[in-house]
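Coordinates in review
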Amino acid sequence: MKQFTVTGMSCAACQARVEKAVNKVNGVKSCSVSLLTNSMGVEGDVDDETIIKAVKNAGYDAKSASGSTNDSAYKSKTASNSVDEIGTIQKNEITHLKKRLISSVVFLIILMYITMGHNMAGFPVPSFLSHNHIGLAITQMLLSLIVMVINRDFFINGFKSAIRLSPNMDTLVALGATASFGWSIFILYKMTWMITNGASNASLMDIYHNQLFFESAAMIPALITIGKLLEAISKGRTTNALKSLMKLAPKTAVLIIDNEEVRVDIDEVVPGDVFVVKPGQIIPVDGVVLEGTGAVNESALTGESIPVDKNAGDVVSAATVNMSGVIRCKATRVGEDTTLAGIIKIVSQSAATKAPIARIADRVSAVFVPVVLLLALIVLFGWLIAGENVSYALARAISVLVISCPCALGLATPVAIMVGNGIGAKHGILFKTGEALEMTGKIKNIVLDKTGTITSGVPTVTDVFPFDEFSEKYLLVRAYALENNSVHPLAKAIVNHCENAGVRLMDVTDFEEVPGNGLSAVLNEKTIHSGNSDYIKKFIINDDEEGTASPQDKADEIADRFSSDGKTPIFIEEDGGILGVIAIADTIRDSSALAVDKLKDLGKDVYMLTGDNVNTAVSIGNKVGIKNVIAGVLPDEKEKNIEKISKSGKTAMVGDGINDAPALTTADVGIAIGTGTEVAVDSADVVLMNDDLNDVVKATVLGKKTIRNIHENLFWAFFYNAICIPLAAGLFGIELNPMIAAAAMSLSSVTVCLNALRLNLLKL
């Protein structure tokens, strides 16, 4: 798939227009455009220039963002550069909109000072403008014109879209502002004509106060620019996710060349090379262990916090960390073929193909604008045919345009979303986009990751089980003395437990760590061991009486019992006898079970999706009340499961790990635990800062209420149009002048804002 960067799009209608233009090109099999990332993916045997030409002919600009070589290192660098390029474009857009907004506000303040401060409150103006209605009107015209020029993109894009018979939100803004400005210019000329015909100052003042709408022409584009700025800021999140993923890839590797360790650039590694990884180092590429043993933390890919023991013949993956032991491996997959690169590709493609939800205003604009224009023309020519003069007919037609100003329509969705976002922020729920807030309220299925989401993600001692005559204190003293010398995460869990319990630390000698198995040392002239049951069995002396369970049988029984409950048993042995077992597990969050119950009460179908084994997953699921458990899945399989679940309704994925990134971007709504990895947070649409699953419940409730509020806002926006357009057209014998029409338009905007503010009364 060829990748392109597309600029100039402003709404879902633009996105659809680019896709339609490129799909018409001979040889193009498919085209998908992402408004969120300004990216386009094209499949087919077509040269880049032809595709770019098609985009330009549609009124936009495009640039190739994919390489033409099969070299994996080149492609990797090209992908990184394309992401950086998109990020730069988005930063430039944000900077441009900020400058535009600040400049607009400066002149808008001066304009509002005159129209509201001076005209309504009597604020002072320079003496040459005092009671000079023509001078004041010209000043308003110039200030309004400056604001419109600053925001000229609305008018350029809006009228271009109108000319192509595919109006968008920019068209609505341009029409509303232009109608207000055009009518005001007409009134200004009328005022000059009145002066030449000896009109009194009172009559001049009346028309000045009641029929000039220059401030409306300036206010409309300035307000919409705020929404554009907020939208532009949110669009940068997906590229941050891709950059974070790319940062995980190591830059160098240590190869074995002529029996010597040589550090080389990662791009120089090829399949078949032998590399070495020492404790604490990141595995550079995918490979297979040739010799040595180690405990590898694969949380970067699987999300599981407990390291996996690796021995000869086992597979290792790039971006995972060797916690203990030294391993020599043979490279099998490098560059874009590694597991990490696959995840990056999945996230990138998901972001490029998952179209954002079109704003309701964008969906109706294609019908609303042509209808209003047609009505205005009908009103204009209708009154002319009826024998009225041009001035009267034009006033009625412009009244229809002004009363149909898209301000309320444009505010209906973003105002509700802004209020909803504010409420969410107060509760530690961050919606990255308005679409995310809207979609969260439509969710039917909630898919929860296990580790770090339902559970805490940190190994913790859950059980201390001393054997026979040995006390818990005796067991913990030996375990503490032994485990304190290891950096293994399971050892740290035991050490933390002993420290919290106030266990005395004793020194050991002859400490030895056997990666993937356990530990050994000498304490008080006695040899002690810790590890899994298979390792400990080597040191057990079976001298029990006939007919009684042997220590080995007892160890197996205990191991099975804890393992079936989702716990990892660590056995402690001293001089041939088992002292006891310490069970370690990833503990369930206190809020998990309650959150699952609440989600069920809301009618949501709750699933658990995890890379952990089935026994552990089912055990955790039973404890929190989840029957739909999908276990043992890899990152790309998570994405496929999300797609499958989504067939039954809108689906949200809740996760915290790098391995969750593809699923988070594939789901209709990706929800990340705030304490999770940076990649998960960047990939998600919603971030829960309070690390509490109950916030998932709050987010769904808030989303649903916000959607309802948006629908109410749209109703009020159209209600005024439905009632007032006939009045503006003069159908009921009432001459509704543009001033009253503008007041009705403003009232609809106020109603929309007040209705949105009602969301603040919502108690989560």
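Think of each chain on its own: its residues are numbered from 1, step by step along the sequence as written. At least 70 in pLDDT is required for a residue's local features to be given in this predicted model, at least 80 for side-chain atom pairs to be given and counted, and no such filter applies to totals for whole chains, interfaces and linings, which use all residues. Heavy atoms throughout the structure, all of them, feed into the side-chain values; hydrogens and water do not.

**Notes on the overall build of the protein chain**
When helices and strands are tallied, the protein chain shows 27 helices and 26 strands. Exposure categories follow from relative accessible area, calculated using a 1.4 Å probe and restricted to protein chains: below 20% of the type maximum is buried, above 50% is exposed, and the middle band is partly exposed. In the protein chain, which comprises 764 residues, the share counted as buried stands at 52%. Areas reported as accessible are Shrake-Rupley estimates using a 1.4 Å probe. Residue values count occlusion only from the protein chains shown. A total accessible area of about 33200 Å² is found for the protein chain, and carbon and sulfur atoms account for 57% of it. Here a strand is any run of E in DSSP of at least two residues, a helix any run of H or I of at least four, and the numbering for each starts at the N terminus.

**What about the pattern of salt bridges?**
By salt bridge we mean one thing: a side-chain nitrogen of Lys or Arg within 4 Å of a carboxyl oxygen of Asp or Glu. Across all of its chains, the model carries 12 salt bridges by this definition. The shortest N-O distance in the salt bridge between Asp 153 and Arg 100 comes to 3.1 Å. Pair noted here: Asp 153 is in helix H5 (residues 152-163) and Arg 100 is in helix H3 (residues 72-121), with a separation of 53 residues, a long-range link. Classification of Arg 100 by relative accessible area gives buried; the value is 6%. Of the charged contacts, one joins Arg 478 and Glu 574 as a salt bridge, the two residues approaching to 3.3 Å between their closest N and O atoms. Here the residue Arg 478 occupies a position in helix H17 (residues 472-483), and Glu 574 occupies one in strand E20 (residues 568-574), the gap between them amounting to 96 residues. Comparing Arg 478 with Glu 574 shows no difference in burial state: the two are buried.

**Examining the packing of aromatic side chains**
Ring pairs shown here join Phe, Tyr and Trp side chains whose ring centres sit within 6.5 Å, with only the six-membered ring taken for Trp; geometry is labelled stacked below 30 degrees between planes, edge-to-face above 60, and tilted in between. As enumerated under the stated definition, the model contains six aromatic pairs in all. Aromatic side chains Phe 181 and Phe 214 sit 5.5 Å apart centroid to centroid with 65° between the ring planes, which places their arrangement in the edge-to-face category. Of this pair, Phe 181 sits in helix H6 (residues 169-196) while Phe 214 sits in helix H8 (residues 214-234), and the two are 33 residues apart along the sequence. Across this residue pair, the class does not change: Phe 181 and Phe 214 are buried. Judged by centre distance (5.3 Å) and plane angle (35°), the rings of Trp 183 and Phe 186 are tilted. Taken together, the residues Trp 183 and Phe 186, both in helix H6 and three residues apart, mark about one turn of the helix. For Arg 100, the ring lying beneath its charged end belongs to Phe 154, and the centroid distance is 4.9 Å. Charge-over-ring placement is defined geometrically: NZ (Lys) or CZ (Arg) within 6 Å of the ring centre, and within 35 degrees of the ring normal. Directly above the aromatic system of Phe 465 lies the positively charged group of Arg 561, at a separation of 5.5 Å from the ring centroid.

**Describing the side chain of Arg 478**
With relative accessibility at 9%, the residue Arg 478 sits in the buried group. The residues contacting Arg 478, other than those within four sequence positions of it, are Leu 523, Asn 524, Ile 528, Ile 572, Glu 574 and Leu 579. Contacts between residues were defined by any pair of non-hydrogen atoms, one from each residue, lying within 4.5 Å.

**Considering the environment of Ile 454**
Inspection of the secondary structure assignment puts Ile 454 in helix H16 (residues 450-454). Ile 454 sits 170 residues away from Val 624 along the chain, and the two C-alpha atoms are 8.4 Å apart.

**Considerations on the pairing of strand E9 (residues 294-297)**
Judged by which residues are buried, E9 turns out to be covered on both faces: Gly 294 and Val 296 on one side and Ala 295 and Asn 297 on the other are all buried. At least two DSSP bridges between two strands are needed for those strands to be called paired. One ladder, built from three bridges, connects E9 with strand E10 (residues 308-310); its direction is antiparallel. Its bridge partner being in E10, Gly 294 is matched across the sheet by Lys 310. Sheet topology note: the E9/strand E12 (residues 321-324) ladder contains three bridges and is antiparallel. Looking at the pairing, Val 296 lines up with Asn 322 of E12.

**Some thoughts on helix H2 (residues 48-57)**
Looking only at H2, the buried set comprises Ile 51, Ile 52, Ala 54 and Val 55. Projection of H2 onto a plane perpendicular to its axis shows the buried side chains occupying an angular sector of 155°, all on one side. The exposed set on the far side of H2, more than 90 degrees from its buried face, consists of Glu 49, Lys 53 and Asn 57. Of the residues flanking the start of H2, the one acting as N-cap is Asp 47, its side-chain oxygen 3.3 Å from the backbone nitrogen of Glu 49. For this quantity, the arc is that covered by the directions from the helix axis to the C-beta atoms. What qualifies as a polar contact is a pair of N or O atoms within 3.5 Å, subject to a donor-acceptor requirement within protein and to the restriction that residues adjacent in sequence count only when both atoms come from side chains.

**Quick notes on helix H23 (residues 635-646)**
A helix is expected to span 1.5 Å multiplied by its residue count minus one. Between its first and last C-alpha atoms H23 spans 17 Å; for 12 residues at 1.5 Å apiece the expected length is 16 Å, and the two agree. Of the positions making up H23, those classed as buried are Pro 635, Lys 638, Glu 639, Asn 641, Ile 642 and Ile 645. All buried residues of H23 fall inside an arc of 165° around its axis, so they share one side. Those residues of H23 that are exposed and aimed more than 90 degrees away from the buried face are Lys 640 and Lys 644.

**Topic: the packing of H17 against helix H18 (residues 489-501)**
Where H17 meets H18, the axes come as close as 9 Å, and the angle between the chain directions of the two elements is 130°. By the angle class used here, H17 and H18 are oblique. H17 and H18 meet at a crossing whose hand is left-handed. Of the residues in H18, those in contact with Leu 476, Ala 479, Tyr 480 and Glu 483 of H17 are Ala 491, Ile 494, Val 495, His 497, Cys 498 and Glu 499. Lys, Arg, Asp and Glu make up the charged group, whereas Ala, Val, Leu, Ile, Met, Phe, Trp, Tyr, Cys and Pro make up the nonpolar group; the residues left over, Gly among them, are polar. When the residues that make up the contact of H17 with H18 are grouped by side-chain class, the tally is seven nonpolar, one polar and two charged. Axis lines are fitted to C-alpha atoms, over the contacting stretch for helices. Their N-to-C directions set the angle, which ranges from 0 to 180 degrees. Angle categories are assigned with fixed cut-offs, so that under 35 degrees is roughly parallel, over 145 is roughly antiparallel, 65 to 115 is roughly perpendicular, and the rest are oblique. By definition, any crossing whose near helix is turned counterclockwise from its far helix by less than a right angle is left-handed, and any crossing with a clockwise turn is right-handed.

**Brief notes about the sheet that holds E20**
Spatially, E16-E21-E20-E19-E18-E17 is the arrangement adopted by the six strands of the open sheet, whose pairing is antiparallel. Strands at the two margins of the open sheet, each flanked by one partner only, are strand E16 (455-466) and strand E17 (509-514). Here the average twist between neighbouring strands, direction ignored, is 15°. Strand direction decides the pairing type here: E17 and strand E18 (residues 518-523), joined by four bridges, are antiparallel. Note on E18: the bridge partner recorded for Val 514 is Gly 518. Along the sheet, H17 contacts E16, E17, E18, strand E19 (526-531), E20 and strand E21 (577-588); its crossing angle with E21, the most-contacted strand, is approximately 75°.

**Some details on a nonpolar patch on the surface**
There is a patch of nonpolar side chains on the surface, built from Val 367, Val 371, Leu 374, Leu 375 and Ile 378 and spanning about 430 Å² of accessible area. Along the chain, Val 367 turns up in helix H12 (residues 360-385). Residues qualify for a patch when their relative accessible area is over 30% and they have no salt bridge, like charges being joined within 9 Å and the nonpolar side chains of Val, Leu, Ile, Met, Phe, Trp and Tyr within 5 Å.

**What to know about the sheet that holds strand E25 (residues 669-673)**
Ordered in space as E14-E26-E25-E24-E15-E22-E23, the seven strands form an open sheet in which the pairing is mixed. Of all the strands in the sheet, the pair left with one neighbour each is strand E14 (429-431) and strand E23 (628-630). Strand-to-strand twist across the sheet, computed as the mean angle between neighbouring axes with direction ignored, equals 20°. Pairing of strand E15 (residues 445-449) with strand E24 (residues 651-655), which is carried by four bridges, proceeds in the parallel orientation. Across the sheet, residue Asn 445 finds its bridge partner in E24, namely Thr 651.

**Some words on unusual backbone geometry**
Of note, the phi angle at Ala 319 is positive, near 80°, even though the residue is not glycine. Located in the positive-phi region is Glu 525, a residue other than glycine, with phi close to 65°. Note on placement: Glu 525 falls in the loop between E18 and E19. Classification of Glu 525 as exposed rests on a relative accessible area of 79%.

**Here we look at the environment of Lys 20**
Mapped onto the secondary structure, Lys 20 falls in helix H1 (residues 12-23). Overall, the relative accessible area of 54% leaves Lys 20 in the exposed class. Sequence separation between Lys 20 and Val 55 is 35 residues, and the spatial gap between their C-alpha atoms is 9.6 Å.

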